[in-house]
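Spelled out from the first residue to the last, the chains are:
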Amino acid sequence: MTVRVGVVVFPGSNCDADAMHALALEGAEPVALWHESPELLGVAGVILPGGFSYGDYLRAGALARFSPVMRSVADFAAAGGLVLGICNGFQVLAEAGLVPGALVRNRSLRFVCREVTLVPERLDSPFTIAVGERRPLRMPVAHGEGCYVADDATLDAIERDGRVLFRYSRPDGTPAIGPDDAANPNGSLRGIAGVANAGGNVAGLMPHPERATEGILGSDDGRAIVASLVRSAAARAGGAARVVGSTGAGPTQRATGATA
Amino acid sequence: MTAARDPEPLHRRLGVSDDELDAIVDRLGRAPNDLELAMFSVMWSEHCSYKSSRPLLRTLPVGGGDVLAGPGENAGIVRIGDGLAVAFKIESHNHPSAVEPYQGAATGVGGILRDIFTMGARPIAVLDALRFGDPSDERTRHLVRGVVGGVGGYGNCVGVPTIGGELVFDPSYAGNPLVNVMAIGIMPEDRLTLAAAPGPGNLAVLFGSTTGRDGIGGASVLASATFTDDDPSKRPSVQVGDPFAEKLLIEASLELVERRLVAGLQDLGAAGITCAVSETADRAGTGIAVDLDAIPRREWGMLPFEVMISESQERMLAIVEPRLLGDVVEVCERWGAPAAVIGRVTADGHVTVVTGGIAADGSPADGAAVLARIPASALTSDAIVHARRAEPPARRRAAPAPGPAAEPDGDLPERGMDPGAVLLALVGGPNGASRRWVWEQYDRHVQTSTVADATGGAAVLRIRGTRRGLVATTDCAEGVSGLDPYLGAAMSVAEATRNVSVTGARPLGVTNCLNYGDPTRPEAFWQLREGVRGLGDACRALGLPVTGGNVSLYNESPRGAILPTPEIGVVGLLEDVERRAAPAFRRDGDAVVLLGRAGPGLGGSRYAALAGADPEDGPPTLDLAREAAVQACIREAVATGIVRSAQDVAAGGLATALAECAILGGIGARVEVAVEGAPAVELFGESPSRIVAACDPADLDALRVLAAAHGVPAERLGTVGGDRLVIALVGRGATGAAEERGARVADEVDIAVSDLAHAWEHGLPRALGEDA
């Protein structure tokens, strides 16, 4: 039995199919989780995909947190379950208070879609274990409200606790700390692109790893992140689940080669 | 506008002329009532009826073995193998975008997407072809910000990548910008769903948003009359878009199609319910009885005519067998798109609007009143057709004869201009610079199939589950079109298809958006007639079907008419998406080769706009047989792997094409250009049927042999390498003729690639006064 990873489908989600495709590439069985159902269908991990949940009316992610599925996701997270929010999913997690900080309008006040580079700040998180080494990863961003903000005390705390998972960087891997750095696409404070909760089992990430999973798309650096989630989920699912059928190369090969 | 202040009779106020009223009376056998007149006014608008253009459009080549649906359907559909078909269409939203740029552009995207999924295809890409006035003008900037924001705001949210398009500035568009949007969809062939209402007794089900007062008369008031600039009284005619509702509508519609729950499907766009019921009934040879009271509304007190012609967005009409109604309602409600039965298919061939209920056979219930009863065909296929008068302008430039450039050309580079400076100005100018500032505001990667966005030419998508790829582009040679509308349209087809062919893809078909002026003005109608003739001739010569399109007339403002703008959208098929070419130079030492040969004529070029051309200098000529040969040659060269990169020579000429290859590749080149006539023609002339390719020197002979087999000139210009672009001019015409007369002529372009890249990257935001 392959490891089952859920992808929440909110009305307005538009990266749900892409996330499922990326999971399948890593040998997981993607499971669609409909927003109106509180049932998580026995998944070992959950992705909150990108898009415009509930039209992003009011504020990005503000309405999704009240959906039936999110109550179950919150319980799942509280019990140590793995949850990765990508783009709008990150906004939903932040609105729900499941990860620290908030995402506000890009410093440019314009939607930005471009390829960025990010570097992992730690390699032992469930969301980075398959990255292998501290190396720059190329993948796209596409958002209007992706500027990560938090008060200084929070920022200091998450830095101290190792909860900053990814930072935007220049192509060579030098972190783009400053909000005005050209390599920081949205003005995020301290160049933060991804953060984790205190337990390390819930993460939000603004760039789209699921859009960088095949060379034909320009980069497959995102596979390492998806593979990390799949591998960690498989490990948590215990002996019942394993990862099969990966065709990944390089670091992802190492990641998906592991079975629980 | 009240009756008291306006003594005009109702029909004229609705944009219906006296002779059109006579024709309505003729078709009805009686005078129409006010509701019927309102329905006719929108359906007989230029936008819905094509009453001026229909006789012209009939001349276009439409057939072809792989075409599953052509003009007259919501979108053209072409079979591509693997059991799949691709749907595509381009449409205008010009006047709404001029009045309210954000919503006008957003609803333009929404409307064209509905045309795609109405056919049963999942939308996979959007391209936007935009034209505005002077970029330094504050009003232009307002329009650009709004339109780009609206295209992005809608496309990004609905989850369809915007992968390409155009942005062109020309003073003629100042009072009347153009917003043309193309959408592409893909589907299994057997999902093809037609917008017809077969089977008397079937139900007409409206689903999606409710009906309100927004967009009343959009088709007639806005789209089909000459434009008086920024008239706030027309703002209520602009619809308001909700991409979130559209996303739900896409999912609901595609599930209905996939589960075969509908007998027909039609989106609601221009002319709203009136258009949807009359077109579906007419296509099936049936009628539809509409139960006016059953139409869900978002406002109180709407009059029957408002309900019937409202252009409220995000609505769909499904034709449903009664036994499947429960399933249809369940699907729609699960996707948050409430459904209501609003009528029944009848056998009487009429659109009947009833208040007070209808019986199971579609007849009015006891005590019900019939508010309107019109033959469906009278509203659609039998709508009025006008024979417009066409007259060329009194004085027309002759196209130059093929051969060496005429003497006036020879004067151009002597005007104290350094060709390097000209190149920098073109590459960094508002029309030549990178469109990154625009495209970064569009999600180009959602659906994870974008192999290449249009940064370097045509956009490429992979078709998941196959080895194949789709290539898409839009193009228009409006500069040439302004001088010679026949040539301009043919040139537009040539450029758009060449854009696709340089990637290695085989063009599948052409969709077009014909943006012209007031058809009652003989010169404007002549431009349209010539444009359609050029479009048809070019498509025939290149063996391509016209699969659909849209005509946008009355593109005039008090500041004058736009350049006639036949916007061409092309979709092509790559048999192997891994085997494709892009413009970027890739390797030191590669040979730079020009396929095709420059011809004279700087008229209509970017160079002429920049430097001023001699008014007697016409546009370049187009040899369609040569064009077909050049395209076939490059497709074969890419498919066989002989060339490593390829870029077509278009706006800005050979020098600009070389600069783009260098900028995109981050590597320079050293080339020599032999000048026969005038350097400006060789460097910056925009004569068609030319491609710059780079190949391994070991493959050069193979490329030459291939070119010879296609009858295409192939000349090695130089070599890729270094960090500068050097274009040396050699030959008799380089300096000699001018120097003999004592003129100073720079004979070489020599610019660092980084300088070209800087100009190219920053040109657009600088022109618009924005941050980069």
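All of the points below concern the structure found in this document. Given the structure is predicted, the values throughout are model-derived calculations rather than measurements.

1. Details of the nonpolar core
Soluble, globular proteins show a tendency: their nonpolar side chains are buried together.
Line of reasoning, step 1. Of all hydrophobic cores here, the largest spans 86 residues; its most connected members are Val86, Ile184, Phe207 and Leu470 of chain B.
Line of reasoning, step 2. In terms of residues, this core owes the most to one element, helix α10 (residues 243-258) of chain B, which gives eight residues.
Line of reasoning, step 3. Apart from residues lying up to four places away in sequence, Ile184 of chain B is in contact with Val86, Ala87, Phe88, Ile116, Arg122, Pro123, Ile124, Ala125, Leu127, Leu470, Ala472 and Val571 of chain B.
Line of reasoning, step 4. Core analysis: the next-biggest nonpolar cluster, separate from the first, contains 72 residues, Val9, Ala28, Ala77 and Val99 of chain A among them.

2. Focus: unusual backbone geometry
All names here are of chain B.
Line of reasoning, step 1. The phi angle at Tyr50 is positive, at roughly 50°, despite the residue not being glycine.
Line of reasoning, step 2. Its place among the elements puts Tyr50 in the loop between α4 (46-49) and α5 (54-57).
Line of reasoning, step 3. Residue Tyr50 is classed as buried on the basis of its relative accessible area, which comes to 18%.
Line of reasoning, step 4. At Tyr554, a position not held by glycine, the phi torsion is positive, near 60°.
Line of reasoning, step 5. Turning to its location among the elements, Tyr554 is positioned in the loop between β18 (546-552) and β19 (556-557).
Line of reasoning, step 6. The exposure class of Tyr554 is buried, given its relative accessible area of 11%.

3. Describing the sheet that holds strand β16 (residues 469-475) of chain B
All names here are of chain B.
Line of reasoning, step 1. The strand order across the open sheet formed by six strands is β14-β15-β16-β21-β17-β18, and the pairing between neighbours is mixed. On the outer flanks of this sheet lie β14 (450-452) and β18, each paired with one strand and no other. Strand-to-strand, the axes of this sheet are offset by a mean angle of 20°, without reference to chain direction.
Line of reasoning, step 2. Direction of pairing for strand β17 (residues 506-515) relative to strand β21 (residues 565-574): antiparallel, over a ladder of nine bridges. Its bridge partner lying in β21, Val510 is registered against Val570.
Line of reasoning, step 3. Its contacts with the sheet put helix α20 (residues 522-542) on β17, β18 and β21, and the angle it makes with β17 is roughly 180°.

4. Some points on the sheet that holds strand β9 (residues 164-169) of chain A
Residues and elements named next belong to chain A.
Line of reasoning, step 1. With mixed pairing, nine strands are arranged side by side in an open sheet as β2-β1-β3-β4-β11-β10-β9-β6-β7. With partners counted over all chains shown, the strands left at the sheet margins are β2 (29-34) and β7 (137-143), one partner each. The average angle at which neighbouring strand axes cross in this sheet is 25°, direction not considered.
Line of reasoning, step 2. Pairing geometry for strand β6 (residues 112-120) and β7, over seven bridges, is antiparallel.

5. Examining the packing of aromatic side chains
Residues and elements named next belong to chain B.
Line of reasoning, step 1. Tallied over the entire structure, the rule returns five aromatic pairs over all chains.
Line of reasoning, step 2. Centre to centre, the rings of Phe132 and Phe169 are 6.5 Å apart; their planes meet at 35°, and the pair counts as tilted. Residue Phe132 is found in strand β4 (residues 122-132), and its partner Phe169 is found in strand β5 (residues 162-169); the two are separated by 37 residues along the sequence. This pair shows no difference in class: Phe132 is buried, exactly as Phe169 is.
Line of reasoning, step 3. Each ring, one from Tyr607 and one from Phe684, has its centre 5.4 Å from the other, and the planes form 5°; the classification is stacked. Of this pair, Tyr607 sits in helix α21 (residues 606-611) while Phe684 is found in helix α24 (residues 679-684), placing the two residues 77 residues apart along the sequence. Assigned by exposure class, Tyr607 and Phe684 land together as buried.

6. Things to note about the interface of chain B and chain A
One frequently used descriptor of interface size is the decrease in accessible area upon assembly of the parts.
Line of reasoning, step 1. The interface of chain B with chain A comprises 32 residues on the first partner and 24 residues on the second.
Line of reasoning, step 2. For the chain B and chain A pair, buried surface summed over both sides reaches about 2,300 Å², with 57% attributable to carbon and sulfur atoms.
Line of reasoning, step 3. Contact with chain A buries surface across chain B, with Phe244, Glu440 and Thr448 of chain B losing the most and accounting together for 24% of the total.
Line of reasoning, step 4. There are five salt bridges connecting chain B and chain A.
Line of reasoning, step 5. For the pair chain B and chain A, the interface holds 10 residue pairs in polar contact (both at pLDDT 80 or more).
Line of reasoning, step 6. Breaking the side of chain B that touches chain A down by element, the ones donating at least two residues are α8 (138-158), α10, α17 (436-439) and β14 of chain B.
Line of reasoning, step 7. For the side of chain B that touches chain A, the residue count by class is 11 nonpolar, eight polar and 13 charged.

Thresholds, definitions, all that
- Residues numbered from 1 in each chain as written.
- Chains lettered and ligands numbered in written order.
- Predicted model: local features only at pLDDT ≥ 70, side-chain atom pairs only at ≥ 80, totals over all residues.
- Heavy atoms only, no water.
- Core = buried A, V, L, I, M, F, W, Y, C linked by side-chain atoms within 4.5 Å.
- Buried < 20%, exposed > 50% of the residue type's maximum accessible area, 1.4 Å probe, protein only.
- Helix = DSSP H or I, 4+ residues; strand = E, 2+ residues; numbered from the N terminus.
- Contact = heavy atoms within 4.5 Å.
- Pairing = 2+ DSSP bridges.
- Axes fitted to C-alpha atoms, helices over the stretch in contact; angles between N-to-C directions.
- Phe/Tyr/Trp six-rings, centres within 6.5 Å; stacked < 30°, edge-to-face > 60°.
- Buried area = accessible area lost by both parts, 1.4 Å probe.
- Salt bridge = Lys/Arg side-chain N within 4 Å of Asp/Glu carboxyl O.
- Polar contact = N/O pair within 3.5 Å; in protein donor to acceptor, adjacent residues only side chain to side chain.
- Nonpolar A, V, L, I, M, F, W, Y, C, P; charged D, E, K, R; others polar.

Limitation: the analysis is restricted to geometry and does not speak to function.
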